[in-house]
Amino acid sequence: VTTESEQPAHEKGQQRGSGRELPGVGLVKGLATTLKTMTKHAHTVQYPDQAPELAPRTRGVIALLEENCTVCMLCARECPDWCIYIDSHKETVPAPPSGGRERTRNVLDRFAIDFSLCMYCGICIEVCPFDALEWSPEFEYAEFDIKDLLHERDRLREWFWTVPAPVALDPAAQDPKEIAQAQKVADKRLTAQKAAEIVALADGGDAPADVNREASGEADTEADGRTDGDG
Amino acid sequence: MDGTAHWWLEVALRLVVILGFFLVVPLLVGQMEHKAMAHMQGRLGPMRAGGFHGWAQLIADGVKFAQKESVVPAAADRLVFQLAPAVALLPYLVALVVVPIGPGTQVGVELDLGLFFVLAVMGVGVLGTLMGGWASANKYSLLGGIRTAAQLMAYELPMLLSAASVAMAAGTLSLSAIVDKWQWWWLPWQLIGAFVFFTSGLAELQRPPFDMPVADSEIIFGPYTEYTGLRFAFFLLAEYAGIVLLCLLTSVLFLGGWHGPFSAHLGWLWTVLKTLVLSFVVIWLRVSYPRLREDQLQRFAWTALIPLALAQLAITGVVRVL
């Protein structure tokens, strides 16, 4: 059996030219298609009665995690239609008892997004350096008055609870930067500690055999590589 | 005295039944169109009105149309404009009077010239659209009206020829007598005629794929552009009444009307059933096929349907003589 795609192009052309297909076959096929579709389930969803199945990263509304916001104003500046309103004031943090000087920090007074202007481009979310803004799949926030679409930070914070967890990394993927960094620091500290123990044991002379074996078995390879280089 | 009272009662009863049929069955077909078309397109169609699967959608539509303002354009030919929907709708009601539903006396009026009468009256129905198109004083309406006229000219002939073939086969113009004489082998014998009759009937009703005169995406519903409210609803109702009458006539002329098992008692049921199945086919064709262009439409009538109808006439004649 040869399918149509296997036949050479000129053969196909000939077949069409000679009109080997009976006239009206296309019309019958059309009727068959509509009849077949009629027996299948509808593709539509009866929305208010039946919740729609949303894609995992649906762009429904922009949610705010105000704890992460540092009032850097990047989102408000990047917004193409200027629909983000931010007010803040500076507070002085007194000098710590251990010394140093007073510092100031920004305190968020107001964070509002006007969803009657927002065009859902997501640039604010992209640009936020502290992940304070995120897409939420929530979409049922229609209002009767266009003015009521200006949503303040409490509403935006509520929406953040509906933000889905980030997609899991691939099994073989590199660790995220912050985890990799922390892991590196922790490893270094551990090796240094192990090396110090070994040095202490060598100085003391007769050490218990099990401690010696444990230390060498676990940390030998790393310790050899790194502490030697350092020292 | 008692006899005349009885006669009047019978006439009144027949007319009430026919009026009921005329008001209910087109709505049934309309609802079927809503639902069948929706499912053929992977949708559900109306689901709210009336609660259960939107069964009252057309009633709701009717109430909506009744509430709307009836506007007559300033430049329109007022009387003709206002009269057109009635001219479009009423012929179908009148034609229904002579179509037999069941055997014996199950017909409004037994008319010897039934077939002739029905076809003549159906042609008047198209006139309503033409009047609306001319009287609206709108270029789209006029275009639609002219196209309607051209379509009427082209498709009336094959329709009459194929109907004449059945009349020849039965040797009578009475619809009841035609059904009486019908036998199963008429089905293959008159197959071409049935196809021509049904197709040209569709074209005369301006149903898709022959809906060039009302093509809503290019001439904005043609002759109906300026109509609003109840008058517009009448045009729509006329379309569905036309479908019902065409399907009824096709089943009476070509599919044996009331013939079927238990036809002595359930004859009318068979007629209604055949009519509804044919109405489904009308809807099915609408969903499946794109609209024919105006020239394709004309060519189809003159180069395909008329020769086919003539061939059917010849076949009928030859078989009759043999």
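Residues numbered from 1 in each chain as written. Chains lettered and ligands numbered in written order. Predicted model: local features only at pLDDT ≥ 70, side-chain atom pairs only at ≥ 80, totals over all residues. Heavy atoms only, no water.

1. Quick word on the overall build of chain A
Piece 1. Along the backbone of chain A there are 7 helices and 5 strands.
Piece 2. Sequence-ordered secondary structure for chain A, helices as α and strands as β, is α-α-β-α-β-β-α-β-β-α-α-α.
Piece 3. The buried share among the 231 residues of chain A stands at 21%.
Piece 4. The contacts in chain A between residues at least 6 apart in sequence include a share of 70% that link residues at least 24 apart. (Helix = DSSP H or I, 4+ residues; strand = E, 2+ residues; numbered from the N terminus. Buried < 20%, exposed > 50% of the residue type's maximum accessible area, 1.4 Å probe, protein only. Contact = heavy atoms within 4.5 Å.)

2. Focus: the interface of chain A and chain B
Piece 1. Contact residues are listed per partner, giving 14 residues for chain A and 15 residues for chain B.
Piece 2. Summed over both sides, the interface between chain A and chain B buries roughly 1,200 Å², with carbon and sulfur atoms accounting for 66% of that surface.
Piece 3. When the buried surface of chain A facing chain B is broken down by residue, Leu31, Thr34 and Met38 of chain A rank first, second and third, together holding 40% of it.
Piece 4. Our count for the chain A to chain B interface comes out at 1 salt bridge.
Piece 5. Two residues, arginine 48 of chain B and aspartate 49 of chain A, come together in a salt bridge whose shortest N-O distance is 2.8 Å. (Buried area = accessible area lost by both parts, 1.4 Å probe. Salt bridge = Lys/Arg side-chain N within 4 Å of Asp/Glu carboxyl O.)

3. Here we look at the confidence of the model for chain B
Piece 1. Here chain B shows a mean pLDDT of 87. Residues at 70 or above account for 99%.
Piece 2. Here the predicted complex scores 0.72 on pTM and 0.72 on ipTM. (pLDDT = per-residue confidence, 0-100.)

4. Some words on the nonpolar core
All names here are of chain B.
Piece 1. Counting residues in hydrophobic clusters, the biggest one holds 89 residues, and the most contacted among them are Tyr92, Leu115, Tyr155, Leu175, Phe197, Phe198 and Leu253.
Piece 2. No other element matches helix α10 (residues 229–253), which puts 16 residues into this core.
Piece 3. Residues contacting tyrosine 92, with those up to four places away along its chain left out, are Phe22, Met122, Gly125, Leu205, Ala238, Ala241, Gly242 and Leu245. (Core = buried A, V, L, I, M, F, W, Y, C linked by side-chain atoms within 4.5 Å.)

5. Description of the pattern of salt bridges
Residues and elements named next belong to chain B.
Piece 1. Evaluation of the coordinates by the stated rule reveals 14 salt bridges over all chains.
Piece 2. With its nearest N and O atoms 2.9 Å apart, the salt bridge here joins arginine 286 to glutamate 33. Pair noted here: arginine 286 is in helix α11 (residues 263–288) and glutamate 33 is in helix α1 (residues 2–40), with a separation of 253 residues, a long-range link.
Piece 3. Taking the relative accessible area as the measure of exposure, glutamate 33 reaches 3% and is therefore buried.
Piece 4. A salt bridge links glutamate 294 to arginine 147, with the nearest nitrogen and oxygen atoms 4.0 Å apart. Separated by 147 residues along the polypeptide, glutamate 294 in helix α12 (residues 294–321) and arginine 147 in helix α5 (residues 139–170) bring together distant segments of the chain. With respect to burial, glutamate 294 and arginine 147 carry one shared label: buried.
Piece 5. Ionic contacts of the salt-bridge type, sharing partners, join the residues Glu33, Arg207, Glu239 and Arg286 into one network.

6. Some points on the pairing of strand β3 (residues 103–114) of chain A
Residue and element names in this part refer to chain A.
Piece 1. Bridging between strand β2 (residues 84–93) and β3 involves 10 bridges; their strand directions are antiparallel. Residue threonine 92 lies in a different strand from β3, and its bridge partner there is threonine 104.
Piece 2. In this sheet, strand β5 (residues 150–151) lies alongside β3 in antiparallel orientation, the contact comprising 2 bridges. Residue isoleucine 113 lies in a different strand from β5, and its bridge partner there is histidine 151. (Pairing = 2+ DSSP bridges.)

7. Examining the environment of glycine 45 of chain B
All names here are of chain B.
Piece 1. Within the secondary structure, glycine 45 sits in the loop between α1 and α2 (57–67).
Piece 2. Glycine 45 sits 253 residues away from glutamine 298 along the chain, and the two C-alpha atoms are 34 Å apart.
Piece 3. Leaving out residues up to four positions away in the same chain, glycine 45 has contacts with His34, Lys35 and Ala38.

8. A closer look at unusual backbone geometry
Piece 1. For the bond from proline 208 of chain B to proline 209 of chain B, the omega torsion is 5°, close enough to zero to count as cis.
Piece 2. Summarising the element assignment, proline 209 of chain B is placed in the loop between α8 (191–204) and α9 (216–219).
Piece 3. At tryptophan 82 of chain A, a residue that is not glycine, the phi angle is positive and equals roughly 55°.
Piece 4. For tryptophan 82 of chain A, the location among the structural elements is in the loop between α3 (74–78) and β2.
Piece 5. Here histidine 53 of chain B, not a glycine, exhibits a phi torsion of approximately 50°, which is positive.
Piece 6. Along the chain, histidine 53 of chain B turns up in the loop between α1 and α2.

9. Considerations on the sheet that holds β3 of chain A
All names here are of chain A.
Piece 1. Here we have 3 strands laid out as an open sheet, ordered β2-β3-β5, and antiparallel in their pairing. Two strands close off the open sheet at either side, each with one partner strand: β2 and β5.
Piece 2. Contacts between helix α5 (residues 153–160) and the sheet are confined to β3 and β5, with β3 contributing the most and set at about 85° to the helix. (Axes fitted to C-alpha atoms, helices over the stretch in contact; angles between N-to-C directions.)

10. Let's talk about the environment of alanine 120 of chain B
Piece 1. Residue position: alanine 120 of chain B is located in helix α4 (residues 114–135).
Piece 2. Separated by 137 residues in sequence, alanine 120 of chain B and glycine 257 of chain B place their C-alpha atoms 21 Å apart.

11. Some points on the confidence of the model for chain A
Residue and element names in this part refer to chain A.
Piece 1. When pLDDT is averaged along chain A, the result is 80, and 80% of the positions lie at 70 or above.
Piece 2. Low pLDDT, under 50, characterises residues 1–15; the stretch is placed with 6 contacts to residues that sit more than four places away or in other chains.
Piece 3. Taken together, the stretch residues 214–231 has pLDDT below 50 and engages in 10 contacts with residues farther than four places along the chain or on a different chain.

12. So, the state of the cysteines
Piece 1. Scanning the entire structure with this criterion turns up 0 disulfides over all chains.
Piece 2. Distance from the sulfur of cysteine 124 of chain A, which forms no disulfide, to the nearest cysteine sulfur (cysteine 121 of chain A) is 6.2 Å. (Disulfide = S-S within 2.5 Å.)

13. Let's talk about the side chain of threonine 148 of chain B
Residue and element names in this part refer to chain B.
Piece 1. Here threonine 148 shows up in helix α5.
Piece 2. At 2.7 Å, the side chain of threonine 148 forms a polar contact with the backbone oxygen of glycine 144.
Piece 3. Once residues lying within four places of it in the same chain are set aside, the contact partners of threonine 148 are Val126, Thr129, Leu130, Gln206, Pro213 and Pro223. (Polar contact = N/O pair within 3.5 Å; in protein donor to acceptor, adjacent residues only side chain to side chain.)

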